[in-house]
Amino acid sequence: MIGLENKVALVTGGSSGIGRATALTFAREGAKVVIADINIIGGEETARMIKMKGGQALFIKTDVTRATEVESLIDQTIQKYGRLDCAHNNAGMLEGIPLMEGTEAQWDRIMNLNLKSVWLCMKYELRHMTRHGAGAIVNTSSVAGLVGSPGTAFYAASKWGVNGLTKSAAVEFAKSGIRINAVCPAGIMNTTMYIAQMVKNPAFAAQLTSVIPMERDGFPEEVAEVVVWLCSDAASYITGHTLPVDGGRTAI
Amino acid sequence: MSGKLKDKVVIVTGASSGIGRASALAIGKEGAQVVIANRDVAGGEETVRLIKEAGGQAFFVRTDVSKAADVENMVNQAIKVYGRLDCAFNNAGITGVTAPTVGCSEENWDQVIDINLKGIWLSMKYEIPAMLKQGKGAIVNTSSILGIVGTEDRPAYVASKHGIIGLTKAAALEYARAGIRVNAVCPGPTKTGSVAEERLFSEGNFEKEKVAEIPMGRFGNAIEIAEAVIWLCSDAASFVNGQALPVDGALTAR
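Reading the values: the criteria
- Residues numbered from 1 in each chain as written.
- Chains lettered and ligands numbered in written order.
- Predicted model: local features only at pLDDT ≥ 70, side-chain atom pairs only at ≥ 80, totals over all residues.
- Heavy atoms only, no water.
- Helix = DSSP H or I, 4+ residues; strand = E, 2+ residues; numbered from the N terminus.
- Rg over C-alpha atoms; globule rule 2.2 N^0.38 Å.
- Buried < 20%, exposed > 50% of the residue type's maximum accessible area, 1.4 Å probe, protein only.
- Contact = heavy atoms within 4.5 Å.
- Areas by Shrake-Rupley, 256 points an atom, 1.4 Å probe, with all protein chains shown as cover.
- Lys, Arg positive; Asp, Glu negative; His and termini not counted.
- Charge placed at Lys NZ, Arg CZ, Asp CG, Glu CD.
- Core = buried A, V, L, I, M, F, W, Y, C linked by side-chain atoms within 4.5 Å.
- Pairing = 2+ DSSP bridges.
- Axes fitted to C-alpha atoms, helices over the stretch in contact; angles between N-to-C directions.
- Expected span 1.5 Å × (residues − 1).
- Bend = angle between axes of the 7 residues up to and from the residue.
- Parallel < 35°, antiparallel > 145°, perpendicular 65-115°, else oblique.
- Left-handed = near helix turned anticlockwise from the far one by under 90°.
- Nonpolar A, V, L, I, M, F, W, Y, C, P; charged D, E, K, R; others polar.
- Buried area = accessible area lost by both parts, 1.4 Å probe.
- Salt bridge = Lys/Arg side-chain N within 4 Å of Asp/Glu carboxyl O.
- pLDDT = per-residue confidence, 0-100.
- Patch = residues over 30% accessible without salt bridge, like charges linked within 9 Å, V, L, I, M, F, W, Y side chains within 5 Å.
- Phe/Tyr/Trp six-rings, centres within 6.5 Å; stacked < 30°, edge-to-face > 60°.
- Lys NZ or Arg CZ within 6 Å of the ring centre and 35° of its normal.

Draft legend 1. Examining the overall build of chain B more closely. Along the backbone of chain B there are 8 helices and 9 strands. The globule rule puts the C-alpha radius of gyration for 254 residues at 18 Å, and the 17 Å found for chain B is close to it. Looking at the 254 residues of chain B, the share that counts as buried comes to 55%. Taking the intrachain contacts of chain B between residues at least 6 apart in sequence as the baseline, contacts between residues at least 24 apart amount to 70%. Carbon and sulfur atoms form 51% of the exposed surface of chain B, whose accessible area is close to 10,300 Å². Side chains of chain B carry 27 positive and 28 negative charges; the gap between the two charge centres is 6 Å.

The structure is reproduced here in structure tokens:
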């Protein structure tokens, strides 16, 4: 155990994949978990999985691209559990879109869901955390936020943005007792996001996972362990870092 | 503490003081059997005593990490006494003489590179074969934020710490398939409670000026580095490989 008993943790995009794994790991470590997602069935299922193991969880349907919904999400969290200690801003989407063929609508959709949502979530989370002088936030970026990613420039641009936002916010709130980091996964294949790409665009999906030095799939649970550790007091001097969880991909 | 390294055998080099000692103590409390390796006999034996006092297991093997024979002996002793090697925290290092690139002596250059960089290569050279035998292992090397950014008046130190990150990534790639993870920690300014440090901090405005540069507005504590090392050694970091993790209060995020 790493000491998250009595803490309240928020996970966006918690209906599946990495978000669900993080929600379950937060609960395993003793935290009360708020799950936010647009997918009601998946979100409720994550909450049910936590409760089945004796944990406490609440699902709140949220479109994280809308300020009013994010504000309401944080308000409801405080109303239900009285506090907010940790947040994993994880909701996002992946799509292989060749640069010249991409439309403005596709650009806007990716930027809103992957980047603006992280800003909006931090905006309202920080309002609460600064009042209490403590908190830990982890944003889901990607290895695509650290290197060039042919075939998915929009996604890469959004994830580079998440890393820039993370570092800026970390420095801005370092003295307020709030730590802000990002995780940068690669090669995590057992997620609905990745599987959807395998069906829609197999060549693009294969390219995403072809260069993992450890030569195996990563698991959502392995990202979850990183997120939850970064939120714990064991990482009390780590802030503003964009930590790859990638089986060695960025060491190449 | 919760047994995150229960029954693991862990080598810690440079464990006679500072981050190395704090890490060795924390690793001992996590249930590991700890091999303490450094040049300073009195300091190393004191670390062993502190681990045992806390109910842990440890022994000391005098090691100059810049000497291949010493490092080979260090790993052989670990195997002889505890039967295996699971993790290593290659941490021994020196800062060297403070002087700019032009004023840096060849003697200082060679000494810093030998201990800081060659020492880590030699440590991995002998640790990895022992880990390959069980098809699993985790290594953490001590770099520094000065392995990521530069500073004035410590050319050999900065070069050695940058080199450690290069070496870490290279080794991680080479042994990724074999089940061995290799990462580095990059401490920022860290308080270790040593006498020399207290003297330095009490000089003029040194501490105040340094702290002003750190976004979190404080120095790190040795235990905060130790926690990162323990986590990187543990199975919770099973897909984290070839990374240089800053533990620096956002100093390198600016």
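Read on, since the account is not over.
Draft legend 2. Seen up close, the nonpolar core. By size, the foremost hydrophobic cluster in this structure holds 78 residues, and its most contacted members are F26, W229 and L230 of chain A together with W231 and L245 of chain B. Element by element, the count of residues in this core is highest for helix 8 (residues 222-233) of chain B, at 9 residues. Filtering out sequence-adjacent residues up to four positions away, L230 of chain A remains in contact with A136, V138, R179, N181, V183, A235, I238 and L243 of chain A. Residues I11, V71, L122 and I164 of chain B belong to the second largest nonpolar core, which totals 29 residues.

Draft legend 3. Broad picture of the sheet that holds strand 5 (residues 137-142) of chain B. Residues and elements named next belong to chain B. The strand order 3-2-1-4-5-6-9 describes an open sheet built from 7 strands, whose pairing is parallel. The open sheet terminates on both sides in strands that have one partner only, identified here as strand 3 (57-62) and strand 9 (244-247). Across this sheet, the average inter-strand angle for adjacent strands is 20 degrees, counted without regard to direction. Direction of pairing for strand 5 relative to strand 6 (residues 180-187): parallel, over a ladder of 6 bridges. Bridging from a neighbouring strand, N141 pairs with A184 of strand 6.

Draft legend 4. Structural view of helix 4 (residues 106-132) of chain B. With 27 residues, helix 4 of chain B should reach 39 Å at 1.5 Å per residue; the first-to-last C-alpha distance of 37 Å fits that figure. Most pronounced at K118 of chain B, the bend in helix 4 of chain B amounts to some 35 degrees.

Draft legend 5. Expanded view of the packing of helix 3 (residues 68-82) of chain B against helix 4 of chain B. Residue and element names in this part refer to chain B. Axis separation between helix 3 and helix 4 bottoms out at 9 Å; the angle between their running directions is 30 degrees. On the basis of their axis angle, the class for helix 3 and helix 4 is roughly parallel. Here helix 3 runs over helix 4; the crossing is right-handed. For the pair helix 3 and helix 4, contact is made by A68, V71, E72, M74, V75 and I79 and by L122, S123, Y126, E127 and A130, respectively. Of the residues assigned to the contact of helix 3 with helix 4, the class counts are 8 nonpolar, 1 polar and 2 charged.

Draft legend 6. Region of the structure containing the environment of D75 of chain A. Secondary-structure assignment places D75 of chain A in helix 3 (residues 67-81). Each C-alpha atom of the pair D75 of chain A and H128 of chain A lies 9.2 Å from the other, and the pair is 53 residues apart in sequence.

Draft legend 7. Fine view of the interface of chain B and chain A. Taken together, the 35 residues of chain B in the interface contact 37 residues of chain A. Between chain B and chain A, the buried area comes to about 3,000 Å², and carbon and sulfur atoms account for 66% of it. Contact with chain A buries surface across chain B, with M216, W231 and F239 of chain B losing the most and accounting together for 25% of the total. Counting across the chain B and chain A interface gives 1 salt bridge.

Draft legend 8. Expanded view of unusual backbone geometry. Residue and element names in this part refer to chain B. In this structure, D7 is a non-glycine residue whose phi angle is positive, near 65 degrees. The residue D7 is located in the segment before strand 1 (9-13) in this model. Phi at A250 takes a positive value of approximately 80 degrees, unusual for a residue other than glycine.

Draft legend 9. Region of interest: the side chain of N91 of chain B. Take N91 of chain B: it is sitting in the loop between strand 4 (87-90) and helix 4. With residues near it in sequence (within four places) discarded, N91 of chain B still touches T13, G14, I19, G20 and T142 of chain B.

Draft legend 10. Broad picture of the confidence of the model for chain B. The pLDDT averaged across chain B works out to 95; a share of 99% of its residues lies at or above 70. On the interface metric, ipTM, the complex scores 0.89, and its pTM is 0.94.

Draft legend 11. Summary view of the sheet that holds strand 6 (residues 178-185) of chain A. Residue and element names in this part refer to chain A. Read from one edge of the open sheet, 7 strands run 3-2-1-4-5-6-7, paired in parallel fashion. Looking at which strands have only one partner, the edges of the open sheet turn out to be strand 3 (57-61) and strand 7 (242-245). The sheet shows a mean angle of 20 degrees between the axes of neighbouring strands, direction not considered. For strand 4 (residues 86-89) and strand 5 (residues 135-140), the ladder comprises 4 bridges, and the chain directions are parallel. When the sheet's bridge partners are listed, H88 is paired in strand 5 with V138. Contacting strand 1 (8-12), strand 2 (32-37) and strand 3, helix 3 runs over the sheet at an angle of about 155 degrees to strand 3. In the packing of helix 5 (residues 153-173) onto the sheet, the strands contacted are strand 5, strand 6 and strand 7, and the crossing angle to strand 6 comes to about 160 degrees.

Draft legend 12. Examining a nonpolar patch on the surface more closely. Taken together, the side chains of I195, M198 and V199 of chain A present a nonpolar region at the surface, about 280 Å² in accessible area. Examined against the element boundaries, V199 of chain A turns out to sit in helix 6 (residues 192-200).

Draft legend 13. The arrangement of the packing of aromatic side chains in detail. Counted by the stated rule, this structure contains 3 aromatic pairs over all chains. Note on W107 of chain A and F154 of chain A: the rings are 5.1 Å apart at their centroids and 85 degrees apart in plane angle, and the pair reads as edge-to-face. In this pair, W107 of chain A is assigned in helix 4 (residues 104-132) and F154 of chain A in helix 5, connecting sequence segments 47 residues apart. According to the relative accessible area criterion, W107 of chain A is partly exposed, its value standing at 35%. For the ring pair W229 of chain A and W231 of chain B, a centre distance of 4.0 Å and an interplane angle of 5 degrees mean the geometry is stacked. Linking W229 of chain A in helix 8 (residues 220-231) with W231 of chain B in helix 8, this pair reaches from one chain into another. Comparing W229 of chain A with W231 of chain B shows no difference in burial state: the two are buried. Looking at R154 of chain B, its charged tip hangs above the ring of Y157 of chain B, at a distance of 5.4 Å from the centre.

Draft legend 14. Here's a closer look at the pattern of salt bridges. Residues and elements named next belong to chain B. With the rule as written, the count across this model stands at 18 salt bridges over all chains. Residue K6 is joined to D7 by a salt bridge in which the shortest nitrogen-to-oxygen separation is 3.6 Å. Across the pair, D7 and K6 agree in class, each one exposed.

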